[in-house]
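Fold and geometry: a report
The chain contents come next:
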Amino acid sequence: MKVWVNGALTDLENARVSVLDHGMTVGDGIFETVKAVDGRPFALTRHLERLARSAKGLGLTEPDLDEVRHACTAVLDANPMPLGRLRITYTGGLSPLGSDRGTDGPTLVVAVGESVRRPDTTAVITVPWTRNERGALTGLKTTSYAENVVALAKAHDQGASEALFANTVGQLCEGTGSNVFVVLDGELHTPPVSSGCLAGITRALTVEWTGAKETDLPMDVLHSAEEIFLTSTLRDVQAVRRVDGRDVPGTPGPVTTKAMRVFEERAAADRDPKSL
């Protein structure tokens with residue numbers, strides 16, 4: 001396995017980042033997860049645009065996107081696999097202990113791990129914790145991910161693959177690593193970015209390709225929606241068959257089935273769909 005660390009490919013066994021890296025000590029970093037099929041990344045341009053937005057929002061030095069793109073290519077070429085999870089991590093770099101950043105510059109790591117195609121349906125739970133739609137990190141894809149780790153572990157304990165959050169005013173927000181869509185009266189809806197959810201790449205493409213409406217939704221919509229599905233980089237569009245103790249009948253339903261088909265066809269036709 002070859003990994004890109006600060007300007008060069010290296011063997012995994014020799015890949016090193018300082019124990020004083022700000023990404024490790026205080027979670028001062030951002031990341032992107034990119035699906036790679038047969039060595040070709042999907043929607044890389046959109047992911048790099050979001051990486052830059054996250055860096056700006058966190059106050060990190062602007063990443064050199066040409067370098068990041070080169071690193072992605074190098075890692076994928078060095079590690080051939082049918083389906084990969086490409087991970088780009090960009091942190092505040094070597095820093096003193098505490099919240100202040102150092103002056104050595106950022107750390108860039110790019111790695112890839114083998115993945116498998118997700119099942120067509122899954123189960124989810126809701127959790128009592130909330131997303132803060134007004135927080136300093138809202139909308140940024142940061143490495144401060146412990147809240148998601150706790151919620152996802154709770155989901156796994158209950159036989160589910162994802163946990164869904166409300167925001168502070170009780171509206172449906174997002175999953176630990178996914179966006180959520182619901183079908184109401186035959187129409188497709190998803191929470192707006194103003195709910196506090198991450199502006200997911202797969203979410204945006206699904207909205208564009210299906211005409212889904214961005215709608216403020218109460219959390220209890222999960223108990224009445226005709227259909228529910230998740231979107232994320234490695235899920236694409238995945239139907240939800242159970243929420244907490246409620247089975248969603250007929251999963252995947254007709255709207256979800258169409259969204260799955262449209263996403264698969266459009267993604268296959270254009271491996272790097274640009275932003276509108």
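These notes cover the structure that comes with them. Here the structure is a predicted model, which is why all the values come from computation and not from measurement. (Residues numbered from 1 in each chain as written. Predicted model: local features only at pLDDT ≥ 70, side-chain atom pairs only at ≥ 80, totals over all residues. Heavy atoms only, no water.)

The grouping of Glu 62, Asp 64, Asp 66 and Glu 67 at the surface amounts to a negative patch. Mapping Glu 67 onto the fold places it in helix H3 (residues 65-78). Glu 67 gets classed as partly exposed once you look at its relative accessible area, which sits at 32%. (Patch = residues over 30% accessible without salt bridge, like charges linked within 9 Å, V, L, I, M, F, W, Y side chains within 5 Å. Areas by Shrake-Rupley, 256 points an atom, 1.4 Å probe, with all protein chains shown as cover. Salt bridge = Lys/Arg side-chain N within 4 Å of Asp/Glu carboxyl O. Lys, Arg positive; Asp, Glu negative; His and termini not counted. Charge placed at Lys NZ, Arg CZ, Asp CG, Glu CD. Helix = DSSP H or I, 4+ residues; strand = E, 2+ residues; numbered from the N terminus. Buried < 20%, exposed > 50% of the residue type's maximum accessible area, 1.4 Å probe, protein only.)

For the rest of this paragraph, the subject is the sheet that holds strand S4 (residues 40-41). The strand order S2-S1-S6-S5-S3-S4 describes an open sheet built from six strands, whose pairing is antiparallel. The open sheet has two free edges, formed respectively by strand S2 (8-11) and S4, since each of these has just one partner strand. Here nine bridges tie strand S3 (residues 29-37) to strand S5 (residues 83-91), and the two strands are oriented antiparallel to one another. Each bridged residue has a counterpart across the sheet, and for Gly 29 the counterpart in S5 is Thr 91. Against the sheet, helix H2 (residues 44-58) contacts S3, S4 and S5, and its axis sits at roughly 175° relative to S3. (Pairing = 2+ DSSP bridges. Contact = heavy atoms within 4.5 Å. Axes fitted to C-alpha atoms, helices over the stretch in contact; angles between N-to-C directions.)

A few words now on unusual backbone geometry. Of note, the amide linkage connecting Thr 251 to Pro 252 takes the cis form, showing an omega dihedral of -5°. The backbone of Ala 43 sits at a positive phi, close to 55°, despite the residue not being glycine. Its location among the elements puts Ala 43 in the loop between S4 and H2. Given the relative accessible area of 0%, Ala 43 is considered buried.

This part covers the pattern of salt bridges. This structure, assessed with the given rule, holds 13 salt bridges. Here Arg 46 ties to Glu 208 by a salt bridge, and the two come within 3.0 Å at their closest N and O atoms. With Arg 46 in helix H2 and Glu 208 in helix H5 (residues 201-210), this pair connects stretches of sequence that are 162 residues apart. For Glu 208, a relative accessible area of 31% puts it in the partly exposed group.

Here we take up H5. In terms of burial, H5 is largely enclosed, as seven of its ten residues are buried. Three or more residues of H5 are buried, namely Ile 201, Thr 202, Arg 203, Leu 205, Thr 206, Val 207 and Trp 209. After H5 finishes, the residue Gly 211 shows a positive phi value of roughly 75°.

Each α-helix turn comprises 3.6 residues. Residues three or four places apart therefore point the same way. Its twelve residues place the ends of helix H4 (residues 146-157) 17 Å apart at the C-alpha level, agreeing with the 16 Å of an ideal helix rising 1.5 Å per residue. Listed as buried for H4 are Asn 148, Ala 151 and Ala 155. Looking straight down H4, one finds its buried side chains confined to an arc of 70°; they lie on one side. Exposed side chains of H4 directed beyond 90 degrees from the buried face belong to Ala 146, Val 149 and Asp 157. On its buried face, H4 sits against strand S7 (121-131) and strand S8 (162-167). Gly 159 sits one or two residues past H4 and shows a positive phi near 75°. (Expected span 1.5 Å × (residues − 1). Arc of directions from axis to C-beta.)

By themselves these figures say nothing about function.
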